[in-house]
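Here is what each chain is made of, one letter per residue.
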Amino acid sequence: MSVHITPSNVNPQEPAAAVASAPVVAAPPWTRMAGVLLAAGAAAWAAGTVVVGDDIQKGIQTLDTVTGMLFVAGVFGFVALVLATRATGARWGRIIPAGLLVSLPGAFLLNALSFGYATHDDFPLPLMILDACWPLSMLGMLVLGIAVAVTGRYRGALRWLPLLAGLWFPVTMVAQIFAGSTASVWVSAAWLLATHAHIGVRLALRPAV
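Structure report, in brief. Computed from a prediction, not measured in an experiment: that's the story for all the values here. Residue numbering note: each chain is counted from 1, following its sequence as written. Note on the predicted model: pLDDT of at least 70 is required for a residue's local features to be given, and 80 or more for side-chain atom pairs to be given and counted; whole-chain, interface and lining totals, by contrast, use all residues. To get the side-chain values, take all heavy atoms of the structure and skip hydrogens and water.

### Brief notes about the overall build of the chain
A count of helical and extended segments in the chain gives eight helices and two strands. Note on conventions: DSSP H or I runs of at least 4 residues are helices, E runs of at least 2 residues are strands, and numbering of each starts at the N terminus. Start at the N end of the chain and walk to the C end: the helices and strands fall as β-β-α-α-α-α-α-α-α-α. Of all 209 residues assigned to the chain, the portion counted as buried reaches 42%. When contacts within the chain are restricted to residue pairs at least 6 apart in sequence, those whose partners lie at least 24 apart make up 69%. Surface exposure of the chain reaches about 11100 Å², of which carbon and sulfur atoms provide 69%. Accessible area is worked out with a 1.4 Å probe on protein chains only. A residue is then buried under 20% of its type maximum, exposed over 50%, and partly exposed in between. Contact criterion: two residues are considered in contact whenever any of their non-hydrogen atoms come within 4.5 Å of each other. Areas reported here follow the Shrake-Rupley algorithm with a probe of radius 1.4 Å; residue values treat only the protein chains shown as occluding.

Right under this line is the structure:
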């Protein structure tokens, strides 16, 4: 925290009270739990996608669906932490995590309601609309990561890891386009472990931001 000292109006020789350049928001008591949930959810989905592999191209897979729900729950907890600690800013920046806290439950609900359908093409119109929550949430995570990095509320690796985590969606799409679905599965799993799970482990071991 930087501190600026201004002369006192009463006595120019005495400094006035220190004024902080930015308010510090303490990490909430549930920070460690959010970290555990994020690490567990990311690791579970990474493992689930590797086990399912190319079968995901054939239709909805139970393991991928269940572990995907765990992942979304973990991301939700992290986004709630970002909002609580004002890591994207104290004013307009708070719109970003607030919007994700709306879209992420939609992604979770989509997975929960997808049981019983063979493929995404079998979804009724309401589920097709709800399906948009997944890509919107993942792109929102990229915007969140940029905002966290620019705001600089978090220090060290935790300042930049959310940005790398937000790149998961575009990196996975690029891998699928240029290297095929099999390679993209491994790229996706590795990225989830290196970014989302990494953030979770850091918060679980040292619940401070």
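### Details of the packing of helix α2 (residues 62–84) against helix α8 (residues 181–205)
Here, axes are lines fitted to C-alpha atoms. For helices the fit covers the stretch in contact, and angles between N-to-C directions go from 0 to 180 degrees. Packing of α2 against α8 leaves a shortest axis separation of 12 Å and a crossing angle of 55°. In this view, α2 runs oblique relative to α8, as classed from their interaxial angle. In the packing of α2 onto α8, the handedness of the crossing is left-handed. On α8, the residues that touch Phe 71, Val 75, Phe 78 and Leu 81 of α2 are Leu 192, His 196, Ile 199 and Leu 203. By the definition adopted for this analysis, an angle is roughly parallel if under 35 degrees, roughly antiparallel if over 145, roughly perpendicular if from 65 to 115, and oblique otherwise. With the far helix as reference, a near helix turned anticlockwise by less than a right angle produces a left-handed crossing, and one turned clockwise produces a right-handed crossing.

### Thoughts on unusual backbone geometry
Backbone geometry places Arg 86, a non-glycine residue, at a positive phi of 55°. Note that Arg 86 resides in the loop between α2 and α3 (95–113).

### Re α2
One less than the number of residues in a helix, times 1.5 Å, gives the span that helix is expected to have. The end-to-end C-alpha separation of α2 is 33 Å, in line with the 33 Å expected for 23 residues at 1.5 Å each. Directly beyond the C-terminal end of α2, a positive phi value near 55° is found at Arg 86.

### Some details on α3
Between the first and last C-alpha of α3 there are 28 Å, a value that for 19 residues agrees with the 27 Å anticipated at 1.5 Å per step. Residues Pro 97, Leu 100, Leu 101, Ser 103, Leu 104, Gly 106, Ala 107, Leu 110 and Asn 111 constitute the buried set of α3. Those residues of α3 that are buried lie in contact with α2, α4 (125–130) and α5 (133–151).

### Focus on the environment of Leu 161
Checked against the element boundaries, Leu 161 lands in helix α6 (residues 157–166). Here Leu 161 falls in the buried class, since its relative accessible area comes to 7%. Expressed as a C-alpha distance, the spacing of Leu 161 and Ala 149, which sit 12 residues apart in the sequence, is 8.7 Å. If sequence neighbours within four positions are ignored, Leu 161 has contacts with Ala 194, His 198, Ile 199 and Arg 202.

### Remarks on the packing of aromatic side chains
Pairing of aromatic side chains requires ring centres within 6.5 Å, counting the rings of Phe and Tyr and the six-membered ring of Trp. Pairs whose planes differ by under 30 degrees are stacked, by over 60 edge-to-face, and all others tilted. Considering all chains together, one arrives at five aromatic pairs under this definition. Centroid distance Trp 45 to Trp 134: 5.5 Å. Interplanar angle 35°. Geometry classified as tilted. Here Trp 134 lies in helix α5 and Trp 45 lies in helix α1 (residues 31–52), a separation of 89 residues in the sequence. The exposure class assigned to Trp 134 is buried, which follows from its relative accessible area of 14%.

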